[in-house]
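The residues making up each chain are set out below.
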Amino acid sequence: MEDEDFDPAADLPLGEKGKRSQPPCIIPASELFRNGEAKEVGISHGGKIYRLRITKAGKLILTK
């Protein structure tokens, strides 16, 4: 369930003129992790595979 008050830019650093700059593409973690069905996904970048996983504490960790 999506939080109506969720602001994906809230954790972003302040940019020019004190405004938060939002990345051009935001993908909810729930989409990447299939609504909790997966705890780890692979990301291909530059010919290498990276692993993005959710810890028991709910944090995200990206490893090579």
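In every chain, residue numbers begin from 1 and rise along the written sequence. Given that the model is predicted, a residue must reach a pLDDT of at least 70 before its local features are reported, and side-chain atom pairs must reach 80 or more before they are shown or counted; all residues, however, enter totals for whole chains, interfaces and linings. In computing side-chain properties, one takes all heavy atoms of the structure into account and sets aside hydrogens as well as water.

## A short note on the overall build of the chain
The test is simple: Segments assigned H or I by DSSP are reported as helices when at least four residues long, segments assigned E as strands when at least two residues long, and all are numbered from the N terminus. Under the scheme applied here, a residue whose accessible area is under 20% of the maximum for its type counts as buried, over 50% as exposed, and between as partly exposed, the area being computed with a 1.4 Å probe on protein chains only. Any pair of residues with heavy atoms lying within 4.5 Å of one another is described as a contacting pair. Surface exposure here means Shrake-Rupley accessible area, sampled with a 1.4 Å probe, where a residue is shielded only by the protein chains that are shown.
Counting its regular elements, the chain contains one helix and three strands. The N-to-C order of helical and strand elements in the chain reads α-β-β-β. A total of 64 residues make up the chain; the buried ones form 9% of that total. Partitioning the intrachain contacts of the chain with sequence separation of at least 6 by distance along the chain shows that 4% fall at a separation of at least 24. Roughly 6,000 Å² of accessible area belongs to the chain as shown, and the carbon and sulfur atoms make up 51% of that amount.

## Some details on the confidence of the model for the chain
The condition that has to hold: Values of pLDDT, the confidence the predictor places in each residue, fall between 0 and 100.
Per-residue pLDDT for the chain has a mean of 82; in total, 69% of the residues score no lower than 70. Least confident of the elements in the chain is helix H1 (residues 29–32), whose mean pLDDT is 93; most confident is strand E2 (residues 48–54), at 97.

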